[in-house]
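Working through the structure, step by step
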Amino acid sequence: AIELEKGRKRKKPVVADPPALCRTYFGLDIARVKELDAYDDRNYLAEASDGSKYLLKIHNGVDSANLPFLQAQNAMMDVLSATPYRVPRPMAAIAGSADGLIAIATLPFIDGTDGPAAVRVLVFLDYPLMSDVTIQPGFFRNLGTAVAHIDRALAPVDLPGMRRGHLWDMSNLPLLRAFQHCITDPQRLELIEQTLTRFETQVVPLIPTLRRALIHGDVNDHNVLAAPDGTDVVGVIDFGDSLETVAVYDLAITLAYAILDRDDIYAVARDILDGYTALQPVTPTEKGLLHTLTAARLCQSALMSSYSYSQNPENTYLLITSAPGWRGLTALMAMDLADAERFVAAARTD
């Protein structure tokens, strides 16, 4: 998993003419493009001459070599289109595609090599991101409900392409000790070590016994579409970290990012857990792990962002959640047992 992650950094594509890719492989006449933030891929907002908007996504060389994974992303979006929430839908390719949805182009990568890069075009969902709206009362409960709907819809789905080694799978958190050298602040290193030790002690022995499912894997405020008035969730985007893993991770990931820089993280957790578990109860064991798992995700994010930034220091997007993430992790790890239980108290169990 570590070597695959390093490969993704090296095999980020270099794209000289995004409109040409849209025209050649998808028959779209693109008038304007704007590059969007991304970790290892290239993402562009592409606006056609008739005003239609699309997301042009050129995948890194590692993921491009795993076509079943990219096909599984499309299959997930198809499943979730039946829920009350909006998800992107792929456009049909007219050339260079074996499955009619994913085209393969030969492109250069940032390491100086050339190779096959998978290209997809998705219908652009023109709604504000959660990060761009003022959150109103009730939003976090609605977020919990939305993630529960998504997890329920995905629970019976079996996609072999989603069985993969991935460093963003929280089960692989202990492997990220290899990136600790990217953090130089002694206090932050101690915080990381405490979190890793707690995860290894409390979670790792139970992983074989926990429920597994296909999950979105990255529910954060840049991947959640919101109503413009900040009252509700409209949809979710970006299935690049989706995989089959421990089911409760999706809820913990949602909690981890939602509490960042909030005045009352207990209230945020209460509302998310109330909304989620009203539809999708957790087991007593899962509830008992939720606080540690929430901290583990912020630990994982800190390590991955620090490593990624060390490899690509001009990509400031990698540091978006860095400072809030450290504050959130500090707050979680400072909780005593009573506070940790209070943090997850709203979760209903089955």
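One structure accompanies this document, and this report is about it. (Residues numbered from 1 in each chain as written. Predicted model: local features only at pLDDT ≥ 70, side-chain atom pairs only at ≥ 80, totals over all residues. Heavy atoms only, no water.)

1. Notes on the overall build of the protein
Along its length, the protein carries 11 helices and 9 strands. Taking 20 Å as the expected radius of gyration for a compact globule of 350 residues, we find that the protein reaches 20 Å, a close match to that expectation. If you line up the protein on its principal axes, its C-alpha atoms span 60 × 45 × 35 Å. As displayed, the protein offers around 14300 Å² of accessible surface, 52% of which is attributable to carbon and sulfur atoms. Taken together, the 31 basic and 43 acidic charged side chains of the protein have centroids lying 1 Å from each other. (Helix = DSSP H or I, 4+ residues; strand = E, 2+ residues; numbered from the N terminus. Rg over C-alpha atoms; globule rule 2.2 N^0.38 Å. Areas by Shrake-Rupley, 256 points an atom, 1.4 Å probe, with all protein chains shown as cover. Lys, Arg positive; Asp, Glu negative; His and termini not counted. Charge placed at Lys NZ, Arg CZ, Asp CG, Glu CD.)

2. Digging into helix H8 (residues 265-279)
When the terminal C-alpha atoms of H8 are compared, their 22 Å separation across 15 residues agrees well with the 21 Å that a helix rising 1.5 Å per residue should span. Looking at the buried positions of H8, the neighbouring elements they touch are helix H5 (139-154), helix H7 (249-258), helix H9 (284-311), helix H10 (322-333) and helix H11 (337-343). Structurally, the start of H8 carries an N-cap: the backbone nitrogen of Tyr266 is 3.1 Å from a side-chain oxygen of Asp264. (Expected span 1.5 Å × (residues − 1). Contact = heavy atoms within 4.5 Å. Polar contact = N/O pair within 3.5 Å; in protein donor to acceptor, adjacent residues only side chain to side chain.)

3. Focus on the nonpolar core
Counting residues in each nonpolar core, the largest one holds 70 residues, and the members touching the most others are Phe139, Phe140, Leu143, Ile192, Tyr249, Leu293 and Leu329. The set of elements that each furnish at least two residues to this core consists of H5, helix H6 (186-202), strand E7 (224-226), strand E9 (243-246), H7, H8, H9 and H10. Here this core gets 11 residues from one element, more than from any other, and that element is H9. Discounting residues that sit within four places of it in the chain, Tyr249 has contacts with Asp169, Met170, Ser171, Phe199, Ile207, Ile215 and Leu293. Within the second largest apolar cluster, 21 residues are counted, among which are Cys22, Ala93, Ala105 and Val121. (Core = buried A, V, L, I, M, F, W, Y, C linked by side-chain atoms within 4.5 Å. Buried < 20%, exposed > 50% of the residue type's maximum accessible area, 1.4 Å probe, protein only.)

4. Overview of the pattern of salt bridges
Applying the stated criterion across every chain yields a total of 22 salt bridges. Across the salt bridge formed by Glu200 and Arg177, the nearest N and O atoms sit 2.8 Å from each other. With Glu200 in helix H6 and Arg177 in the loop between H5 and H6, this pair connects stretches of sequence that are 23 residues apart. Its relative accessible area of 26% is what places Glu200 among the partly exposed residues. Notably, a salt bridge pairs Arg270 with Asp271, separated by 3.2 Å at the nearest N-O pair. Among the charged side chains, a salt-bridge network with shared partners connects Glu5, Arg8, Lys9, Asp40 and Asp63. (Salt bridge = Lys/Arg side-chain N within 4 Å of Asp/Glu carboxyl O.)

5. With respect to unusual backbone geometry
Note on backbone geometry: most residues besides glycine have negative phi, and most peptide bonds are trans. One non-glycine residue, Asp238, adopts positive backbone phi at about 65°. Within the secondary structure, Asp238 is located in the loop between strand E8 (233-236) and E9. A positive phi angle, near 55°, is found at Asp261, a position not held by glycine. Checked against the element boundaries, Asp261 lands in the loop between H7 and H8.

6. Some thoughts on the packing of aromatic side chains
Under the counting rule described, the total for this entry stands at 4 aromatic pairs. Between the aromatic rings of Phe139 and Phe140, the centroid separation amounts to 5.7 Å while the plane-to-plane angle is 85°, which identifies the pairing as edge-to-face. Neither residue differs from the other here; Phe139 and Phe140 are each classed as buried. On the basis of an interplanar angle of 75° and a centroid distance of 6.4 Å, the ring pair of Tyr266 and Phe343 is categorised as edge-to-face. (Phe/Tyr/Trp six-rings, centres within 6.5 Å; stacked < 30°, edge-to-face > 60°.)

7. Description of the environment of Pro205
If you trace the backbone, Pro205 turns up in the loop between H6 and strand E6 (212-215). Considering only alpha carbons, one finds Pro205 and Ala38, 167 residues apart in sequence, at a separation of 34 Å.

8. A look at the packing of H9 against H10
Geometry of a packed helix pair, given as the angle between the helix axes and the separation of the axes. At a closest axis distance of 9 Å, the pairing of H9 and H10 adopts a crossing angle of 150°. As the angle between them shows, H9 and H10 are arranged roughly antiparallel. The way H9 lies across H10 gives a crossing that is left-handed. Only Gly325, Trp326, Gly328, Leu329, Leu332 and Met333 of H10 make contact with H9, whose side of the interface consists of His291, Thr294, Ala295, Leu298, Cys299 and Ala302. Grouping the constituent residues of the contact of H9 with H10 by class yields 8 nonpolar, 4 polar and no charged. (Axes fitted to C-alpha atoms, helices over the stretch in contact; angles between N-to-C directions. Parallel < 35°, antiparallel > 145°, perpendicular 65-115°, else oblique. Left-handed = near helix turned anticlockwise from the far one by under 90°. Nonpolar A, V, L, I, M, F, W, Y, C, P; charged D, E, K, R; others polar.)

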